[in-house]
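Structural features, examined
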Amino acid sequence: MVCTSVSCLWTIFCLHLCFYVNTGIAQNTREVILLDSKAQQTELEWISSPPSGWEEISGLDENYTPIRTYQVCQVMEPNQNNWLRTNWIEKGDAQRIFVELKFTLRDCNSLPGVVGSCKETFNLYYQETDVEVGRNIRESQYVKIDTIAADESFTQGDLGERKMKLNTEVRIIGPLSRRGFYLAFQDVGACIALVSVKVYYKKCWSIIENLATFPDTVTGSEFSSLVEVEGMCVNDAEEEADNSPKMHCSAEGEWLVPIGKCICKAGFHQKGDACEPCGRGFYKSSSQDLQCSRCPAHSYNDREGSWRCDCEDGYYRALSDPASVACTRPPSAPQNLLYNINHTTVSLEWTPPADTGGRNDVTYRIICRRCTWEPEECFPCGSNVGFSPQQSGLTDTYVTITDLLAHANYTFEVEAVNGVSDLSRTQRLFAAVSIATSQAAPSQVSEVIKERVQQHSVQLSWQEPEQPNGVITEYEIKYYEKDQKDRIYSTVKSKSTSATVNNLKPSTAYVFQIRAFTAAGYGTFGPRLEVTTKEESTGSATVISSEQNPVIIIAVVAVAGTIILVFMVFGFIIGRRHCGYSKADQEGDEELYFQCTKTYIDPETYEDPNRAVHQFAKELDASCIKIERVIGAGEFGEVCSGRLKLPGKRDVSVAIKTLKVGYTEKQRRDFLCEASIMGQFDHPNVVHLEGVVTRGKPVMIVIEYMENGSLDAFLRKHDGQFTVIQLVGMLRGIAAGMRYLSDMGYVHRDLAARNILVNSNLVCKVSDFGLSRVIDDDPEAVYTTTGGKIPVRWTAMEAIQYRKFTSASDVWSYGIVMWEVMSYGERPYWDMSNQDVIKAIEEGYRLPAPMDCPPGLHQLMLDCWQKDRADRPKFDQIVGILDKMIRNPNTLKTPMGTCTRPISPLLDQNTPDFTSFRLVSEWLQAIKMERYADNFTAAGYSSLESVARMTIEDVMSLGISLVGHQKKIMSSIQTMRAQMLHLHGTGIQV
Ligand code: AMP
């Protein structure tokens, strides 16, 4: 540079320059600098046009760092137009550009000798372009930003020297639309030093506010514009619900108006601008919580950042439990469980558990199971049982359970439960009781239908009550005239589920109610049924009123007799039924009813035994049968239990008799013969045949399942556990089954307790049907001199002697079954040999009464064992006698400690007179128990008087372990006592 006179002046100006440049303006952190001339130490190389105009000059700042400036001072010449253009400036994100100029400008007056062309301003321009353009400056393409003037050009210093003042001017351009731009400075004749040019735009720099990160944001294009920015939550934080974080970036690059926020997630808490995990042993369950908390009681965690604490072993948290509460456990069992039985209703009462598990939501639930006797299996009670107030969710410590079955074994578990009981996998704790219900009267007869209404009679029919609770022996029909004031009742009894009530008035409204009777007594009467009899007909009687006209009765009987005759002749061919009149006498009420009974057909009469099977037994599809387990062994193969599910019916438990593989045709025929017989029977005390499978293998006979198996084993297992009424109830059932069979003309030949099956309700059913093979199959059967095998101990004399098997010989066997039942499965005639038994029977010896056997029952046994079969009672009479006993339980009472067995002529024929013996050994010999003579002597029983005082415990203490022998001896002692009483008229104190 050549220093002209003006230039020299300029040098002074230059010397001052550095002083002002470095006044140290703090860098504004919101600015993004696009151009800063000061920062460049090499030449700027801006375009100057004309080249003689603006000059690039180097200077130093206060740190002696070189800076680049441009100067122009063509004040002496008129018409100046000197352009200086920057390099191309790429604008980046900027919309609003700030241009900061620092310059000095000399006032024209201070310049010696300047003419009027001297100026004190310059012009600032810009040109937008997308790319760099050439070095030529086309003035017309520039847009003027402003005319820039100095605030002051020189100021007077304190010492009178002239100081140059550095001017700073900022201009804003925008919004810009192209990628970049040029700035241009137009000098029109001033003396200017352009000390620095800074071009920048403003940004709001990334910050974290309320746990949200806001990114770098370029300000808006307008001075007033606010740019809304969404924040991003920092790690492990989440937006607060409906309150997402936002901020606004102002034109000045400042963040304004924060809205919403982020919060630390569950398991994390805030530390400064970050979220940190909760430490071990601490948790934070929700983002809403501010702080981590220590794990509550019985819980722990061993990891950082937990939102909850895990429960210790054996402790749980219910779903509804907040994380902040202690873990808890199921309660202990309820205490002091007490019960009270009233027939078929059981009340339970208990006290709360000792440990509630740490909770206060303890309730109780009752688990009811009904258990079979043998095998002992328990099943849920089902929905028929009632619980008051309810079965579960009980808050009080008592419950009443109703509608249980009579004579059934139940187990009740009372469990205390709380909110975590269902989560616990530990063993349930409960208090339990096992209860056997006693007998209960039958439930109501709820549905009564009027079958026929006449002038003087009404015929009704009804369904058996839903819960018979035993075998229904009869129904009582109560009726009265509806409009009669004093309501005098009449009753009629019926053995079946229908009855005709006679002797009614015509055109009269009657009300009928029915109740059922079992060993447990009468049930309650069912709902009232109103029936109005027909009007009296004026013409000749068309309806026979048998009850009013004895002549008509005879006529009816005559007609009926004819019908019977016809049936008897053709019965076999047409209906295989035989019909007859029965006169039922029930406590004074006489009822004449017409009974029809099917006749049993011997399957052997069929030429094709297969036809017989399919005539009487339903062919079942094997796929309906599910075999579950083996329960016994029959002659032809295994006996299994299982389920039968017929289409459209509920599945039922069944016993399945199978025919083993490799059978002969005869075996198959014999096997299916039982089904052909059983299939003809339909009675509640005869085992029911479900069907057969003959068209597949194995060949099967499917029978109703009898849970308690055969009666003899069942009684032996439950020795002494039943009441006399229960035992008589069983006997009554067997007798009813036998009455039905004998009515059908079927002779069983092998009636014995082992051939009676017992179901879970203690209902006994006659089973084991067949022809000769039944006997062959029976291990008790032995060959007799008359040929064929016979179960001697159960068989009547005439059947042993000349094979005369009749219903009367079945009655004999029934008497033996009675003895088996009353002695809980004792073997008849104990261990006497078959030969001795035959001999003893022939000589008139009969089994003595079992222990505690009511005399009336033993008498009935003796009657069954009458030598002359015509003297034996019929099954129908036996049922009647047993029914009377059940209705009058007093007749079944046995005096305590004695057997009041009467001195029966039948028995006494051969019962030794024990009072005639002097020695204990003599007595033992007489009853064939001499093997125990030493036992008696050793225990000091030397006289018969001392023996007569013995109790069963005394007998057992002698070391006599065989139950049969104990009973035999005890029975003889009781007889001896009775004989002494008879002889001396004095009682023996026991
Ligand atoms: P059986 O061939 O009839 O003598 O039967 C053999 C064994 O199977 C019997 O002693 C019973 O224990 C058992 N049994 C037979 N039928 C049934 C049934 N219907 N229900 C339960 N068990 C049965």
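Residues numbered from 1 in each chain as written. Predicted model: local features only at pLDDT ≥ 70, side-chain atom pairs only at ≥ 80, totals over all residues. Heavy atoms only, no water.

Looking at an unreviewed UniProt entry, the protein chain carries the name Ephrin type-A receptor 7, with the source organism given as Phoxinus phoxinus. Word for word, the UniProt comment on the protein chain under Subcellular location (unreviewed entry) is "Cell membrane". Looking at the Catalytic activity (unreviewed entry) heading of the UniProt record, one finds this comment for the protein chain: "L-tyrosyl-[protein] + ATP = O-phospho-L-tyrosyl-[protein] + ADP + H(+)". (UniProt positions renumbered as here; feature names shortened; annotations may be inferred.)

Here the structure, examined in full by the defined rule, presents 28 aromatic pairs. Judged by centre distance (6.1 Å) and plane angle (35°), the rings of Tyr-600 and Phe-681 are tilted. With Tyr-600 in the loop between β47 (589-598) and α3 (609-616) and Phe-681 in the loop between α4 (665-678) and β51 (689-693), this residue pair connects regions lying 81 residues apart in the sequence. By relative accessible area, Tyr-600 is classed as buried at 13%. Under the relative-accessibility criterion, Phe-681 is labelled buried at 4%. Following the ring pairs from residue to residue traces out a cluster consisting of Tyr-600, Phe-681, Tyr-740, Tyr-746 and Phe-769. In this structure, Arg-85 packs its charged tip against the face of Tyr-182, placed 3.9 Å from the ring centre. In this structure, Arg-754 packs its charged tip against the face of Trp-794, placed 4.1 Å from the ring centre. (Phe/Tyr/Trp six-rings, centres within 6.5 Å; stacked < 30°, edge-to-face > 60°. Helix = DSSP H or I, 4+ residues; strand = E, 2+ residues; numbered from the N terminus. Buried < 20%, exposed > 50% of the residue type's maximum accessible area, 1.4 Å probe, protein only. Lys NZ or Arg CZ within 6 Å of the ring centre and 35° of its normal.)

This part takes up helix α11 (residues 855-864). For α11, the buried fraction is high: seven of the ten residues fall into the buried class. By the burial criterion, the buried members of α11 are Pro-855, Leu-857, His-858, Leu-860, Met-861, Leu-862 and Cys-864.

Around the ligand sit Ile-631, Ala-633, Gly-634, Val-639, Ala-655, Lys-657, Ile-703, Glu-704, Tyr-705, Met-706, Leu-757 and Asp-768, and that is every residue in its neighbourhood. Met-706 places a main-chain nitrogen or oxygen 2.9 Å from a nitrogen atom of the ligand. Protein chains bury 81% of the 470 Å² of accessible surface belonging to the ligand in isolation. Sorting the residues of the shell around the ligand by element identifies β48 (625-633), β50 (652-658) and β52 (700-704) as the ones contributing at least two each. The class makeup of the residues in the shell around the ligand is eight nonpolar, one polar and three charged. (Near = heavy atom within 4 Å. Polar contact = N/O pair within 3.5 Å; in protein donor to acceptor, adjacent residues only side chain to side chain. Areas by Shrake-Rupley, 256 points an atom, 1.4 Å probe, with all protein chains shown as cover. Nonpolar A, V, L, I, M, F, W, Y, C, P; charged D, E, K, R; others polar.)

Tallying each qualifying case throughout the model produces ten disulfides. Two residues share a disulfide in this structure: Cys-233 and Cys-262, whose sulfurs sit 2.0 Å from each other. Taking the sign of the S-S torsion, -80° for the link of Cys-233 and Cys-262, the bridge is left-handed. In this pair, Cys-233 sits in strand β19 (residues 232-233) while Cys-262 sits in strand β23 (residues 262-264), placing the two residues 29 residues apart along the sequence. Two residues share a disulfide in this structure: Cys-311 and Cys-327, whose sulfurs sit 2.0 Å from each other. Looking along the S-S bond of the Cys-311-Cys-327 disulfide, the torsion reads about -75°, which is the left-handed sense. Taken together, the residues span a long stretch of sequence, with Cys-311 in strand β29 (residues 310-311) and Cys-327 in the loop between β29 and β30 (335-342) at a distance of 16 residues. Each member of the pair, Cys-311 as well as Cys-327, is classed as buried. (Disulfide = S-S within 2.5 Å.)

Before going further, it helps to spend a moment on the sheet that holds β30. In spatial order, the strands read β30-β31-β35-β34; together these four strands make up an open sheet with antiparallel pairing. Taken across any chain shown, the strands that pair with only one partner, and hence form the sheet edges, are β30 and β34 (386-388). Averaged over all pairs of adjacent strands, the angle between their axes in this sheet comes to 20°, without regard to strand direction. Taken together, the six bridges between β30 and strand β31 (residues 345-351) define a ladder with antiparallel strand orientation. Across the sheet, the residue bridging to Tyr-339 is Leu-348, located in β31. (Pairing = 2+ DSSP bridges. Axes fitted to C-alpha atoms, helices over the stretch in contact; angles between N-to-C directions.)

A separate point is the side chain of Glu-413. One can find Glu-413 in strand β36 (residues 409-417). Given a relative accessible area of 7%, Glu-413 falls into the buried group. Within polar-contact distance, the side chain of Glu-413 engages the side chain of Arg-369 at 2.8 Å. Ignoring anything within four residues of it in the chain, the contact list for Glu-413 reads Arg-365, Ile-366, Ile-367, Arg-369, Arg-428, Phe-430, Ala-431 and Ala-432. (Contact = heavy atoms within 4.5 Å.)

Now for empty space enclosed by the protein. Per the counting criterion, the structure on display carries three cavities of 30 Å³ or more. Counted as a void, the largest cavity has a volume near 240 Å³. Lining of the largest cavity is provided by 21 residues; of these, His-407, Gly-470, Val-471, Gly-729 and Met-730 occupy positions nearest its centre. Element by element, the count of residues in the lining of the largest cavity is highest for helix α6 (residues 724-743), at six residues. The space that makes up the second largest cavity amounts to roughly 50 Å³. The wall of the second largest cavity is formed by Trp-819, Ser-823, Glu-826, Trp-830, Pro-848, Ala-849, Pro-850, Met-851, Lys-967 and Ser-971. Along the lines of polarity and charge, the residues of the lining of the second largest cavity split into six nonpolar, two polar and two charged. (1 Å grid on protein atoms, 1.4 Å probe; cavity = no way out; pocket = protein on both sides within 12 Å on 5 of 7 lines; lining within 4 Å. Points joined across faces, edges and corners; volume = space filled by probe spheres on them.)

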